[in-house]
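Structural overview
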Amino acid sequence: MLTEFLIQADNFVEWLFSLSLSNIINTYWFLFFVELPRYYLLEYLVIGIMTLRHRHMEEDKLMALHFLRRENPLISILVPGKNEGKHIYKLAMSLKEQTYRNFEVIVVDDGSDDDTYLICTDLERNGLIDHYFRLNARGGKAAASNYGAQYARGKYVINLDADSSLDRDALEKILIPFYLDSEVKAVGGCVKVRNYKESICSSLQALEYLKRIQVGRIVTSELGIYHIISGAFGAFDREVLQRVGYWDIGPGLDGDLTQKVRKAGYKVKFAADAICMTNVPVKWYKLYHQRIRWSRSLVRFRIRKHSDILLPNRNWNFLNWLSNMENIMYDCVLNFLWVFYIINLLMTFHSHFFEVMLLGYIIRVFFSQFAFLLVLIVSERWREDLFLYRFTPLMSPYTGYFLRLARTAAQLQELFFMRSYKDAWNPKKTSRYAQLERM
């Protein structure tokens, strides 16, 4: 076995030295001309410029914080969920530790069949939450959020998952962008993984969240093309939320609401230092089903519902167009191009396909070191994040194969069969209503 391995290694080295630089670039054009400019060069450029402007940006934030504290507006924290009783107490206690204190907590129970009713009525009686509403029949997250929003009295509404936990200054920091720019009417918080040590699956998601959410959304926010405020932690101007019709039914409702705010002519921003910790799936099959649901939403909302953003009409906006095009191209179109790219590699280099794939993997692992350095530059807890460095060699197969294949399968399902309307994540009656409304 060792002898065979040494022969393979020797063949690989011999093949490698037979390549020229132009051979490598032509072979891995997808990496060098599609992925490198977007996920490495652009991100380093934007973060580099922000680093040079850091002092000025911090001065602006201090001024915005001064205006926030002087106004001290009431904010409404909206917590929808089903069977989340075990999380509500921890969330309520963590909110008591927030540096920003002027808020009300509204919990909407979406037809739970656990002890949520007993737990939440007790919390309401003891003043740990302000309002508890129970929907006897499950209507889905959008229905629960919309019900609770009707009772919100705050200037801003913060949507929060029940199993989330916030850094002590997270509420304050997610409100600051509203005071930096009066045209900002929705702000996304930075979601990071709490259970990152539980399995390899959760560790890779933690690394993905750092790269795609913290770094990626800093960049898209700075460029004005930020396109999804996470449902786990997002803040909205209450009047604008009402004006755009709150949340629509379906998987992907967070990205849908973000699009509606953008189309109404307002800005959306990402607050990278407003940290929300959440748990992610620790089993691969659960992660796969989660990503199938997320990826269907791109077709359902960006390609179908909000296709008008892509068309030259009276309300056409370049940044909205660019935001959707960037998302559709990199998370949909290029997935299918990648499949043809791999098939072409197999047909062209069938006798050296193993060597071609191995070299491609090595190049991506090399690039992942630069990506991780960028994570450490922007992270507020980089010492903890260093734990994840050991998983960088696994990121290429995780993002390049597992996630890409899940996205491609989901988008084919949605394009041809509209499977999001049959997703158990939503009750059948609400999905049926959404489908009929579309027709």
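Residues numbered from 1 in each chain as written. Predicted model: local features only at pLDDT ≥ 70, side-chain atom pairs only at ≥ 80, totals over all residues. Heavy atoms only, no water.

Details of the pattern of salt bridges
Two side chains that carry opposite charge are able to pair once their charged atoms sit near each other. Applied cut-off: A side-chain nitrogen of Lys or Arg and a carboxyl oxygen of Asp or Glu constitute a salt bridge if their distance falls within 4 Å. Only DSSP runs of H or I reaching four residues or more are called helices, and only runs of E reaching two or more are called strands; each is numbered from the N terminus. Burial classification: accessible surface area is computed with a 1.4 Å probe over protein chains only, and a residue below 20% of its type maximum counts as buried, one above 50% as exposed, and the rest as partly exposed.
Enumeration according to the criterion identifies 30 salt bridges in this entry. A salt bridge links Arg304 to Glu414; the shortest N-O distance between them is 3.0 Å. Of this pair, Arg304 sits in helix 12 (residues 284-305) while Glu414 sits in helix 16 (residues 392-417), and the two are 110 residues apart along the sequence. The pair Arg304 / Glu414 is uniform in exposure class, with both members buried. Residues joined in a network through salt bridges with shared partners are Asp167, Lys192, Glu380, Arg381 and Asp385.

A few points about the packing of helix 12 against helix 13 (residues 318-348)
To keep things clear, this is the line we draw: Think of each axis as a best-fit line through the C-alpha atoms, taken over the contacting stretch in the case of a helix, with angles from 0 to 180 degrees between the N-to-C directions. In a left-handed crossing the near helix is turned counterclockwise from the far helix by less than a right angle, and in a right-handed crossing that turn is clockwise. We call two residues in contact whenever any of their non-hydrogen atoms come within 4.5 Å of each other. Throughout this entry, Asp, Glu, Lys and Arg are counted as charged residues, while Ala, Val, Leu, Ile, Met, Phe, Trp, Tyr, Cys and Pro are counted as nonpolar. The remaining residues, Gly among them, count as polar.
Between helix 12 and helix 13, whose axes approach to 11 Å, the crossing angle comes to 145°. As for the relative orientation of helix 12 and helix 13, their crossing is left-handed in sense. Facing Leu298, Arg302 and Ile303 of helix 12, the residues of helix 13 in contact are Asn324, Asn327, Ile328, Asp331 and Cys332. Grouping the constituent residues of the contact of helix 12 with helix 13 by class yields 4 nonpolar, 2 polar and 2 charged.

Quick word on helix 4 (residues 54-71)
Rules: Each helix should span, by expectation, one fewer than its residue count multiplied by 1.5 Å. It is the directions from the helix axis to the C-beta atoms whose arc is reported.
Taking 1.5 Å of rise per residue, the 18 residues of helix 4 would be expected to cover 26 Å, and the 26 Å separating its terminal C-alpha atoms lies within 8% of that figure. For helix 4, the complete set of buried residues consists of Met57, Ala64, Leu65 and Leu68. Taken end-on, helix 4 shows its buried residues confined to a sector of 110°, consistent with a single buried face. Exposed side chains of helix 4 directed beyond 90 degrees from the buried face belong to Arg55, Leu62, Arg69 and Arg70. Of the residues trailing helix 4, Asn72 is marked for its positive phi of about 50°.

Here we look at the sheet that holds strand 1 (residues 75-81)
Note the threshold: Whether two strands pair comes down to DSSP finding at least two bridges between them.
Pairing is mixed in the open sheet, where 8 strands are placed in the order 3-2-1-4-7-6-8-5. Strand pairing shows two members of the sheet lacking a second neighbour, strand 3 (131-135) and strand 5 (165-166), which therefore form its edges. Looking at chain direction, strand 1 and strand 2 (residues 103-110) are connected through 7 bridges and run parallel. Among the inter-strand pairings, Ile77 is bridged to a residue of strand 2, identified as Val105.

Some points on the state of the cysteines
Counted only if it meets this: By convention in this document, the label disulfide applies to cysteine sulfur atom pairs within 2.5 Å.
All chains considered together, the criterion is met by 0 disulfides. The closest cysteine sulfur to the non-disulfide-bonded Cys276 is located on Cys190, 9.0 Å from its own sulfur.

As for the pairing of strand 1
Moving residue by residue along a regular strand, the side chains alternate between the two faces of the sheet. Stated formally: Whether a crossover is right-handed depends on one test, that the path from the first strand over the helix to the second runs clockwise when the strands point away from the viewer.
Across the 7 residues of strand 1, 7 count as buried, placing the element largely inside the fold. By the alternation rule, side chains of strand 1 split into Ile75, Ile77, Val79 and Gly81 and Ser76, Leu78 and Pro80, which are all buried. Chirality of the crossover, the property in question, places the unit of strand 1, helix 5 (residues 85-95) and strand 2 among those that are right-handed. Bridge count for strand 1 against strand 4 (residues 156-160) is 4 bridges, and the pairing is parallel. Counted as the bridge partner of Ile77 is Ile158 from strand 4.

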